[in-house]
Amino acid sequence: MNDEQKASKIKFEYSSEDNEIEEITRGTVSEEDSAMCDLDASLIGADQTSADYYFDSYSHFGIHEEMLKDEVRTKTYQNVIYKNSFLFKDKIVLDVGAGTGILSLFCAKVGAKHVYAVECSQMAEMAQEIVKANGFSNVITVLKGKIEEIELPVPQVDIIISEWMGYFLLYENMLNTVLYARDKWLVNNGLVLPDKAALYLTAIEDAEYKEDKIDFWNNVYGFDMSCIRKQSMMEPLVDSVDQKQIVTNCQLLKTMNISKMTMGDASFTAPFKLTAERDDYIHALVAYFDVSFTQCHKLTGFSTGPKSRVTHWKQTVLYLEDVVTICQGETITGSMTVAQNKKNPRDIDITVKYALSGRRCAISRTQSYKMR
């Protein structure tokens, strides 16, 4: 077991009574808003990529409403800032991918010296109005543009805060934007918030959904449309998984220290070993992530796992070509390779190798997935 797999897993729980998300237990793991830009009308057409849609999507109110209403997400950031005001008092803060500016407002309210809110979508204009309406124009400066292209009015910042996480943690590749900002502007021993992230894997039984959404294409009113099935198998599903569907333990795939990692660290290959906790079938692997703020007075963070309160990230489901029959105590082993798509670095290519040699099933296969 490598160092990442030995790392401590932090379990977080949401408490509605005090609007707080905090650490409740520690134990060892079993073996277990965005660099955005306006959409140029000239880009619309056959050559438009998902990156173009990404740049434009954050100009719409709906996605910001969804994120703001995600209380696990938003209240965690609020608690981190409000309950650790000593970290922000008289400090210069950079908000990467500011969206509506909610994180900047939190920072300004607890006494930040100045906050630079960088947002590349048209939402920057709304953020400017929001800042003015709430009386923080003298503290918060909204800058419209890409982090990689703008110039800050100051040479360095004390804190970088961002809500950069995408589906499967890494989808949209905003992490590299945060790392770019860190390397360019953060003072020595400055803070990156959040500063830790971890990606996990488990396996589930999901016959009903797989039959409804995947196997459906084998026979559509008497016609073979299995060519679509092949494509649908390659597209990870973002959805909420019922914890009762979980068949195996969870496996820590990758930990990330945002304060120290390099851009290349977001591409990796990690082994996994999932042990069945009961006799059942496995139809899919499920990935989810935790994030934590370790520099706070009290360790704070949240989980997007199926056993935690649902977030807008939900979980990422990777359906297997085979129905794997597994008995309690047996293990499905393999590896997962995650890499940025070469044509569009905001997309993710995932390759999973898995094998089982059990009493009722023996199988070895490699499958590829594309998050677009």
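Just so we're clear, the structure is a prediction, and the values are computed from it rather than from any experiment.

Draft legend 1. Here's a closer look at the pairing of strand β16 (residues 348–357). A one-sided burial pattern is seen for β16, the buried positions being Ile348, Ile350, Val352, Tyr354 and Leu356 and the unburied ones Asp349, Thr351, Lys353, Ala355 and Ser357. As defined by bridge partners, strand β15 (residues 331–340) adjoins β16 across 8 bridges and the pair is classed as antiparallel. When the bridges of β16 are listed, Val338 appears paired with Ile350. Pairing of β16 with strand β17 (residues 362–371) involves 10 bridges; the strand directions are antiparallel. Bridge assignment links Val352 to a residue of β17, and that residue is Gln367. With antiparallel pairing between neighbouring strands as the criterion, β16 and β17 make up a hairpin whose turn holds 4 residues.

Draft legend 2. Representation of the sheet that holds strand β3 (residues 92–96). Judged by pairing direction, the sheet is parallel, and its 5 strands sit side by side in the order β5-β4-β3-β6-β7 without closing on themselves. The open sheet has two free edges, formed respectively by β5 (140–144) and β7 (186–193), since each of these has just one partner strand. Taking the axes of each pair of neighbouring strands and ignoring which way they run, one obtains an average angle of 20 degrees across the sheet. One ladder, built from 5 bridges, connects β3 with strand β4 (residues 114–119); its direction is parallel. Across the sheet, residue Val93 finds its bridge partner in β4, namely Val115. Of the strands in this sheet, β3, β4, β5 and β6 (157–162) touch helix α6 (residues 102–109), which is tilted by about 180 degrees from β4.

Draft legend 3. Spatial organisation of the pattern of salt bridges. One pass over the structure, following the stated rule, counts 14 salt bridges. Salt-bridge contacts for Lys144 lead to Glu125; the nearest nitrogen and oxygen are separated by 3.5 Å. Highlighted residues: Lys144 in strand β5 and Glu125 in helix α7 (residues 123–133), separated in sequence by 19 residues. The class of Lys144 is partly exposed, set by a relative accessible area of 41%. On the basis of relative accessibility, which here comes to 47%, the residue Glu125 falls in the partly exposed class. Glu151 is the partner of Lys184 in a salt bridge, and the nearest nitrogen-oxygen pair spans 3.3 Å. Separated by 33 residues along the polypeptide, Lys184 in helix α8 (residues 175–185) and Glu151 in the loop between β5 and β6 bring together distant segments of the chain. Take Glu151: its relative accessible area is 57%, and that puts it in the exposed class. Several salt bridges share partner residues, and in doing so they unite Asp347, Asp349, Lys370 and Arg372 into one network.

Draft legend 4. Layout of unusual backbone geometry. Going from Leu193 to Pro194, the amide bond is cis rather than trans, its omega being 0 degrees. Mapped onto the secondary structure, Pro194 falls in the loop between β7 and β8 (196–204). Of note, Asn173 is a non-glycine position whose phi angle comes to about 55 degrees, a positive value. Turning to its location among the elements, Asn173 is positioned in the loop between β6 and α8. Asn173 gets classed as buried once you look at its relative accessible area, which sits at 12%. Phi at Asn189 takes a positive value of approximately 65 degrees, unusual for a residue other than glycine. Here Asn189 shows up in strand β7. Judged by its relative accessible area of 78%, Asn189 falls in the exposed class.

Draft legend 5. Inspection of the packing of helix α3 (residues 61–69) against helix α4 (residues 71–82) at higher detail. Taken N-terminus to C-terminus, the directions of α3 and α4 make an angle of 65 degrees; their axes are 5 Å apart at the nearest point. Considered as vectors, α3 and α4 are oriented roughly perpendicular to each other. The residues of α4 that touch α3, namely those facing Met67, Leu68 and Lys69, are Glu71, Arg73 and Thr74. Within the contact of α3 with α4, the residues separate by chemical class into 2 nonpolar, 1 polar and 3 charged.

Draft legend 6. Geometry of the nonpolar core. Residues Leu94 and Leu152 are the most contacted members of the largest nonpolar core, which totals 94 residues. In contact with Leu152, not counting residues within four places along its chain, are Leu94, Tyr116, Val118, Leu143, Val157 and Trp185. Of all hydrophobic cores here, the second largest spans 10 residues; its members include Ile204, Ile214, Val286 and Tyr319.

Draft legend 7. Expanded view of the sheet that holds strand β11 (residues 268–275). Strand order in the open sheet formed by 4 strands is β11-β15-β16-β17, with antiparallel pairing between adjacent strands. Where the open sheet ends on each side, the last strands, each with one partner, are β11 and β17. Taking each pair of neighbouring strands and ignoring which way they run, the sheet shows an average axis angle of 15 degrees. Relative to β15, β11 runs antiparallel, the two sharing 8 bridges. Residue pairing for β15: Phe268 is matched across the bridge by Val338.

Rules and cut-offs
- The written sequence of each chain sets the order in which its residues are numbered from 1.
- pLDDT decides what is reported in this predicted model: residues at 70 or higher carry local features, side-chain atom pairs at 80 or more are listed and counted, and totals for whole chains, interfaces and linings draw on all residues regardless.
- Only hydrogens and water are removed before side-chain values are computed, so all heavy atoms of the structure are retained for them.
- Only protein chains enter the accessibility calculation, which uses a 1.4 Å probe. A residue is then buried if its area is under 20% of the maximum for its type, exposed if over 50%, and partly exposed in between.
- Only DSSP runs of H or I reaching four residues or more are called helices, and only runs of E reaching two or more are called strands; each is numbered from the N terminus.
- Note on pairing: two strands pair once DSSP finds at least 2 bridges between them.
- All axes are obtained by fitting lines to C-alpha atoms, using only the stretch in contact for helices, and the reported angles, taken between N-to-C directions, cover 0 to 180 degrees.
- By definition, residues are in contact when any of their heavy atoms lie within 4.5 Å.
- Basic side-chain nitrogens of Lys or Arg form a salt bridge, by our definition, when they fall within 4 Å of a carboxyl oxygen of Asp or Glu.
- If an angle is under 35 degrees, it is roughly parallel; if it is over 145, roughly antiparallel; if it lies from 65 to 115, roughly perpendicular; otherwise it is oblique.
- Throughout this entry, Asp, Glu, Lys and Arg are counted as charged residues, while Ala, Val, Leu, Ile, Met, Phe, Trp, Tyr, Cys and Pro are counted as nonpolar. The remaining residues, Gly among them, count as polar.
- We define the nonpolar core as a collection of buried residues of types Ala, Val, Leu, Ile, Met, Phe, Trp, Tyr and Cys that are connected through side-chain atoms lying within 4.5 Å of one another.

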